[in-house]
Amino acid sequence: MRSAHEIDYKIVGEDIQFVEVELDPGESVIAEAGSMMYKTPAVEMDAIMGDGSEKHKGFLGALAGAGKRILTGESLFMTIFTHQGQGKAHTAFAAPFPGTIIPVHLPDVGGELICQKDSFLCAAKGVAVGIALQKRIMTGLFGGEGFIMQRLEGDGWCFVHAGGTLIERELAAGEEIHVDTGCVVAYTASVDFEIERAGNIKSMIFGGEGVFFAHLKGPGKVWLQSMPFSRLAGRILANVPVAGSGQGEGSVLGPIGDIMRGS
């Protein structure tokens, strides 16, 4: 018996995408707070504790689901959008930064998807949004983007966001790939994920590629991103001029600011 609502959707845009979900009367979609772009007036919003799935049914179940969300660094509540009118209604959810939205039909990947905690965008009501603790202590301590990832389970559609260019890889049984930890967006539950040391001590310290990388082993499917948000944010922060320094391309002082600072 199907537990998730059967929604229709379309993805709009090339570089900064959004997904528009079409709802029949009574159908619902859950989303992270702050991701909505627009909606039909007949679609009503409500904040729910947990994700509203049957897996987290009842107050105690919702409380447990909400507690898991806190562990992933997300809000205690999610937002549910329900069509309360007649005919068709629409609501749209926008990606937080340039990249690609990945639609995943969970039954096609074994009913389960593991993704970076910041990549989940929205899903049909009935999809359980939980946590996936890394099995190995080294993976937990040095996993780059975090010890805890999100586990999406169910039989409906879910939507995940990847930064930059998206790469999909189908790994054969025993096939292995090394990836920067921040570039792993999602993978199916059959993929073995662990952390390995990035070369020798010299390359770890001076190589500039980080101390550890992700080791993914098939069989299964993996989704990779070329621009993790952490990398984008780091580059932006590195180029933000210090207040009052007179630095930066937009500074009205320009070279005079350097002279005044004695540089």
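Residues numbered from 1 in each chain as written. Predicted model: local features only at pLDDT ≥ 70, side-chain atom pairs only at ≥ 80, totals over all residues. Heavy atoms only, no water.

Peer 1: Tell me what's going on with the sheet that holds strand S5 (residues 43-49), and back it up with residues and numbers.
Peer 2: Ordered in space as S5-S6-S3-S10-S13-S8, the six strands form an open sheet in which the pairing is antiparallel. Every interior strand has two partners, whereas the edge strands, S5 and strand S8 (99-105), have only one. Each strand of the sheet is rotated relative to its neighbour by a mean of 20°, with strand direction disregarded. (Pairing = 2+ DSSP bridges. Helix = DSSP H or I, 4+ residues; strand = E, 2+ residues; numbered from the N terminus. Axes fitted to C-alpha atoms, helices over the stretch in contact; angles between N-to-C directions.)

Peer 1: Give me the lowdown on unusual backbone geometry, citing residues and values where you can.
Peer 2: Across residues other than glycine, the phi torsion is negative in most instances, and most of the peptide bonds are trans. Residue glycine 218 is joined to proline 219 through a cis peptide bond whose omega torsion reads 15°. Checked against the element boundaries, proline 219 lands in the loop between strand S18 (212-217) and strand S19 (220-225).

Peer 1: Give a detailed account of the environment of isoleucine 195, specifying residues and quantitative values.
Peer 2: On the secondary structure map, isoleucine 195 appears in strand S17 (residues 192-197). The exposure class assigned to isoleucine 195 is buried, which follows from its relative accessible area of 8%. When the C-alpha positions of isoleucine 195 and valine 179 are compared, they lie 9.6 Å apart, and in sequence the two are 16 residues distant. (Buried < 20%, exposed > 50% of the residue type's maximum accessible area, 1.4 Å probe, protein only.)

Peer 1: I'd like to hear about the sheet that holds strand S14 (residues 166-171), residue by residue, with values.
Peer 2: Spatial ordering of the open sheet is given by S11-S12-S9-S16-S19-S14, a layout of six strands whose pairing is antiparallel. Every other strand in the sheet has two partners, leaving strand S11 (128-133) and S14 as the edge strands with one partner each. Adjacent strand axes in the sheet meet at a mean angle of 25° when their direction is disregarded. Both strand S16 (residues 184-188) and S19 contribute to a ladder of three bridges, which runs antiparallel. From the neighbouring strand, alanine 186 faces S19, where its bridge partner is tryptophan 223.

Peer 1: Give me the packing of aromatic side chains: which residues, what numbers.
Peer 2: Using the criterion set out here, one finds five aromatic pairs in the structure. Here the aromatic rings of phenylalanine 81 and phenylalanine 93 are separated by 5.1 Å at their centres, their planes lie at 75°, and the arrangement is edge-to-face. Separated by twelve residues along the polypeptide, phenylalanine 81 in strand S6 (residues 77-83) and phenylalanine 93 in strand S7 (residues 89-94) bring together distant segments of the chain. Each of the two residues, phenylalanine 81 as well as phenylalanine 93, counts as buried. Here the aromatic cluster, defined as three or more aromatic residues joined through ring pairs, consists of Tyr9, Trp157 and Phe159. (Phe/Tyr/Trp six-rings, centres within 6.5 Å; stacked < 30°, edge-to-face > 60°.)

Peer 1: Could you give an account of the nonpolar core, naming the residues involved and the relevant values?
Peer 2: Counting residues in each nonpolar core, the largest one holds 22 residues, and the members touching the most others are Val104, Leu113, Leu152 and Trp223. For leucine 152, the residues in contact, after removing those within four places along its chain, are Leu106, Gly111, Glu112, Leu113, Cys115, Phe120, Val127, Ala128, Val129, Cys158 and Val160. Ala132, Cys183, Val184 and Ile195 belong to the second-largest nonpolar core, a separate cluster that totals 17 residues. (Core = buried A, V, L, I, M, F, W, Y, C linked by side-chain atoms within 4.5 Å. Contact = heavy atoms within 4.5 Å.)

Peer 1: Tell me about the pattern of salt bridges, and please be specific about residues and values.
Peer 2: A side chain with one charge can pair with a side chain of the opposite charge if their charged atoms come near. Within this structure, the stated rule accounts for six salt bridges. Residues lysine 10 and glutamate 20 are paired through a salt bridge, measuring 3.8 Å at the closest nitrogen-oxygen approach. Remark: glutamate 20 occurs in strand S2 (residues 18-23) and lysine 10 occurs in strand S1 (residues 8-12); sequence separation between them is ten residues. Of the charged contacts, one joins glutamate 112 and arginine 151 as a salt bridge, the two residues approaching to 2.0 Å between their closest N and O atoms. Of this pair, glutamate 112 sits in strand S9 (residues 112-115) while arginine 151 sits in strand S12 (residues 148-153), placing them 39 residues apart in sequence. A single network of salt bridges, built from pairs that share partners, joins Glu22, Asp24 and Lys88. (Salt bridge = Lys/Arg side-chain N within 4 Å of Asp/Glu carboxyl O.)

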